[in-house]
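What follows is each chain in one-letter form.
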Amino acid sequence: HHIITDHGGRLALVTLAGSVDQDVHQQAAAALRGLAVTHENKMKIVQEGALTPLAHLLTSEDVEILREVAACFCNLSLSDENKFEIVKCGAVTVMISLTQSADMVVASQAAATLANLAEVKANQDTISDEGAIRPIITVMRSKDIEVQREAGRWLANLCASDSAFTASIIGGGG
């Protein structure tokens, strides 16, 4: 990790994530996901502008790319400093739809990311306004235990604050 990060590798990977070459996308997203395990890299990846190209890759039709990008967002969203930036980059709507993916890795990583983002009260309204309540309830019915677990954590985080979410969740069948 240090060799890559000490020699401008993060910035190069951010550039590659925005490449027009689809073959490069998965490799760049995988490398960024791997780097995003350390706190320092989580911060610097966001500061170096990775969120925009990564958010664009969330619309890929390639499941391997989606797995890497969703996992990268999940790693990045573990940092409290990044939670607001991720919401601000417009990834929430796409992430909500990815929770419905037939691929359980994509679905669980997307649900985990949203659960992480919902830990911050300032993000909860945005996540709810993006239409998250019904998809959470749907995802909790998944056959995959990991998807269920992350959807439950997502729902619990939304319910943790004093807000109207609880009534919406109950009204939505949650």
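Here, the structure is the one placed above.
Report on the accompanying structure. (Residues numbered from 1 in each chain as written. Predicted model: local features only at pLDDT ≥ 70, side-chain atom pairs only at ≥ 80, totals over all residues. Heavy atoms only, no water.)

Focus on helix α9 (residues 104-117)
Rule in force here: Strands are runs of DSSP state E lasting at least 2 residues, helices are runs of H or I lasting at least 4, and numbering of each runs from the N terminus. Every helix has an expected span of 1.5 Å times one less than the residues it contains. To sort residues, take the accessible area from a 1.4 Å probe on protein chains only and compare it with the maximum for the residue type: under 20% means buried, over 50% means exposed, and anything in between is partly exposed. In this description, contact between two residues means that some pair of their heavy atoms is separated by no more than 4.5 Å.
In this model, α9 (14 residues) spans 20 Å end to end at C-alpha, consistent with the 20 Å of a helix rising 1.5 Å per residue. Extensive coverage of α9 is indicated by the burial of eleven of its 14 residues. Within the sequence span of α9, burial applies to V106, A107, S108, A110, A111, A112, T113, L114, A115, N116 and L117. Contact partners of the buried residues in α9: α6 (63-76), α7 (80-88), α8 (91-98), α10 (121-129) and α12 (145-159).

Section: the packing of α9 against α12
Cut-off, in case you're wondering: As a rule, the C-alpha atoms of each element are fitted with a line to give its axis, helices using only the stretch in contact, and angles between N-to-C directions run from 0 to 180 degrees. When an angle is under 35 degrees it counts as roughly parallel; over 145 it counts as roughly antiparallel; between 65 and 115 it counts as roughly perpendicular; any other value is oblique. A crossing counts as left-handed when the near helix is turned anticlockwise from the far one by less than a right angle, and as right-handed when that turn is clockwise.
Direction vectors running N to C along α9 and α12 enclose 20 degrees, while the axes themselves pass 8 Å from each other. One way to sum up the angle between α9 and α12 is to call them roughly parallel. For the element pair α9 and α12, the recorded crossing hand is left-handed. Every residue of α12 that contacts α9 at M104, A107, S108, A111, A112, L114, A115 and N116 is listed here: E146, V147, E150, A151, R153, W154 and N157.

Quick notes on the pattern of salt bridges
For side chains of opposite charge, pairing can occur when their charged atoms come near one another. Here is the rule: By definition, a salt bridge exists where a carboxyl oxygen of Asp or Glu is found within 4 Å of a side-chain nitrogen of Lys or Arg.
Tallying each qualifying case throughout the model produces ten salt bridges. Across the pair E40 and K44 runs a salt bridge, and its minimum N-O distance is 3.1 Å. Here E40 pairs with K44, and both are found in helix α4 (residues 39-47), just four residues apart, close to one helical turn. A relative accessible area of 30% means that K44 is categorised as partly exposed. We note a salt bridge from K83 to D80, for which the minimum N-O separation is 3.2 Å. One end of the pair is K83 and the other is D80, both in helix α7 and three residues apart, which spans about a single turn. With relative accessibility at 53%, the residue D80 sits in the exposed group. One salt-bridge network, in which partners are shared between bridges, spans D80, K83, E119, E150 and R153.

Details of the environment of A36
Tracing the chain through its elements places A36 in the loop between α3 (22-35) and α4. Looking at A36, the relative accessible area reads 0%, which means it is buried. For the pair A36 and S79, spaced 43 residues apart in sequence, the C-alpha to C-alpha distance is 9.8 Å.

Some remarks on the nonpolar core
Note the cut-off: To form a nonpolar core, buried Ala, Val, Leu, Ile, Met, Phe, Trp, Tyr and Cys residues must be joined to one another through side-chain atoms within 4.5 Å.
One finds L54, V69, F73, L76 and W154 to be the most contacted residues of the largest nonpolar core, which totals 40 residues. Apart from residues lying up to four places away in sequence, L76 is in contact with A36, K42, I45, V46, L51, L54, N82 and I86.

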